[in-house]
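Descriptive structure summary
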Amino acid sequence: TGPTGPTGAAGLAGATGPTGPTGADGPTGPTGPTGAAGLAGATGPTGPTGATGPTGPTGPAPTLATAAAAGVNVPTPSTDLTVVSMPAVTVAAGQQVKLDGLVDFSLNILATILTGATFNVTVNLARGGTTIASVTDSAPIIAGLLTGAIVFDDVGITFVDAPGAGSFTYSLTVTVPAALAGLGTVTATFASLNGLVV
């Protein structure tokens, strides 16, 4: 056998083989940033009404105090002359006192009235000696009234007081000007004062 001849030229490349199997999943990437908040949802329906609470304690009962007087002579002039005083009333915190007073006056003419004049009187409502309300009233004195004639005037006063807790006395006082001194004598023929604590 003779010697081996030289290697021939390379042949053409063969066809590509089939794709190999998919490799394993890589590790999970880092979490992304939080997204913007969504719109607020609609308000839910109103829940059922709760149970009624227990009844509170009964408040203090209303109380009424009254006083009356008659035939009180009123000097002229007079300032804050007491004509009727009411018994003390006890007031709890938050209560009020509704006060109603009335004074009937008479003016007995001392001499014939030559010119017209005015019968001026003031009724004051006082709590413990301090005036808390006043009403002034006037009645005409007609020219020509003779000695012994009588001029009448009625003055009413109403006031709601909120003094706070405690015990309080109320009274009516009257003020008469000196101008009446030469006309006649003044009398508080009747005076009354009622107080309702509520």
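Small disclaimer: the values here were computed from a predicted structure and weren't measured. For every chain, the first residue of the written sequence is number 1, and numbering continues from 1 onward in sequence order. The predicted origin of the model limits local features to residues at a pLDDT of at least 70 and limits the giving and counting of side-chain atom pairs to 80 or more, whereas totals for whole chains, interfaces and linings rest on all residues. As a rule here, side-chain values come from all non-hydrogen atoms in the structure, and water together with hydrogens is ignored.

This next bit is on the overall build of the chain. The helix and strand inventory of the chain stands at 0 helices and 10 strands. The order of α-helices and β-strands along the chain, N terminus first, is β-β-β-β-β-β-β-β-β-β. Relative to its length of 198 residues, the chain is extended, with a C-alpha radius of gyration of 52 Å against a globular reference of 16 Å. Structurally, the chain occupies a C-alpha span of about 190 × 45 × 25 Å along its principal axes. Think of it in three bands: residues with accessible area under 20% of the maximum for their type are buried, residues over 50% are exposed, and the middle band is partly exposed, with areas taken using a 1.4 Å probe on protein chains only. A total of 198 residues make up the chain; the buried ones form 28% of that total. Two residues qualify as a contact provided that any one of their heavy atoms is within 4.5 Å of a heavy atom in the partner residue. Pairs at least 24 apart in sequence give 79% of the contacts found in the chain among residues at least 6 apart. The secondary structure listing takes helices from DSSP runs of H or I that are at least 4 residues long and strands from runs of E that are at least 2 residues long, numbered from the N terminus. Every radius of gyration here is taken over C-alpha atoms, with the globule rule written as 2.2 Å times N^0.38, N being the number of residues.

Any two strands between which DSSP finds at least two bridges are classified as paired. Spatially, the 4 strands line up as an open sheet ordered E1-E10-E4-E7, and their pairing is antiparallel. Since the sheet does not close on itself, it has two edges, and those belong to strand E1 (63-74) and strand E7 (150-161), each with one partner. Between one strand axis and the next, the sheet turns through 10 degrees on average, direction left out of account. Across 13 bridges, the pairing between strand E4 (residues 97-109) and strand E10 (residues 184-197) is antiparallel. Along E10, the bridge assignment pairs Val 97 with Val 197. Axis geometry follows a simple rule: fit a line to the C-alpha atoms, using only the stretch in contact for helices, then measure angles between N-to-C directions, giving values from 0 to 180 degrees.

A few words on the sheet that holds strand E5 (residues 117-127). Reading across the sheet, the 4 strands line up as E2-E9-E5-E6 and stay open at both edges, with antiparallel pairing between neighbours. If you trace the sheet from one side to the other, it starts and ends with strand E2 (78-85) and strand E6 (130-141), each paired once. Mean inter-strand twist for the sheet, computed between neighbouring axes without regard to direction, equals 25 degrees.

Quick look at the pattern of salt bridges now. Put simply, a salt bridge is a Lys or Arg side-chain nitrogen that is within 4 Å of an Asp or Glu carboxyl oxygen. Scanning the entire structure with this criterion turns up 2 salt bridges. In this structure, Asp 100 engages Lys 98 in a salt bridge whose closest nitrogen and oxygen atoms are separated by 2.8 Å. For Asp 100, a relative accessible area of 28% translates into the label partly exposed. By relative accessible area, which is 35% here, Lys 98 ends up partly exposed.

Below, the discussion takes up the nonpolar core. Nonpolar cores are built from buried Ala, Val, Leu, Ile, Met, Phe, Trp, Tyr and Cys residues. Side-chain atoms within 4.5 Å join them into one set. Residues Val 83, Val 103, Phe 105, Phe 119 and Leu 172 are the most contacted members of the largest nonpolar core, which totals 39 residues. Looking at this core, the element that brings in the most residues is E4, giving 6 residues.

Next up on the list: a nonpolar patch on the surface. A cluster of nonpolar side chains, namely Leu 64, Leu 196 and Val 198, defines an oily patch on the protein surface of about 270 Å² accessible area. Take Leu 64: its relative accessible area is 60%, and that puts it in the exposed class. Candidate patch residues must exceed 30% relative accessible area and have no salt bridge, after which like charges are joined if within 9 Å and Val, Leu, Ile, Met, Phe, Trp or Tyr side chains if within 5 Å. Computed with the Shrake-Rupley method and a 1.4 Å probe, the accessible areas treat only the protein chains shown as cover for residues.

This brings us to the side chain of Ser 106. Locating Ser 106 in the fold gives a position in strand E4. Note on Ser 106: relative accessible area 5%, which makes it buried.

On to the environment of Val 91. Mapped onto the elements, Val 91 comes out in strand E3 (residues 89-91). Along the primary structure Val 91 and Pro 163 are separated by 72 residues, whereas in three dimensions their C-alpha atoms are 7.9 Å apart. Leaving out residues up to four positions away in the same chain, Val 91 has contacts with Val 97, Pro 163, Gly 164, Ala 165, Gly 166, Phe 168 and Val 197.

Right, let's talk about the packing of aromatic side chains for a bit. The pairing test for Phe, Tyr and Trp rings, Trp by its six-membered ring, is centres within 6.5 Å, and the orientation test on the planes gives stacked under 30 degrees, edge-to-face over 60, and tilted for anything in between. One pass over the structure, following the stated rule, counts 1 aromatic pair. Consider the rings of Phe 105 and Phe 119, whose centres lie 6.4 Å apart with planes at 80 degrees: the pair is edge-to-face. Of this pair, Phe 105 sits in strand E4 while Phe 119 is found in strand E5, placing the two residues 14 residues apart along the sequence. Both residues of the pair, Phe 105 and Phe 119, count as buried.

Consecutive side chains along a regular strand alternate between the two faces of the sheet. The buried fraction of strand E9 (residues 170-176) amounts to 6 of the 7 residues, a majority that puts the element mostly inside the structure. Note: E2 against E9, 5 bridges, orientation antiparallel. In the strand pairing of E9, Val 84 is matched with Leu 172. Note: E5 against E9, 6 bridges, orientation antiparallel. Bridging across to E9, Asn 124 finds its partner in Thr 173.

Structural measurements only, silent on function.
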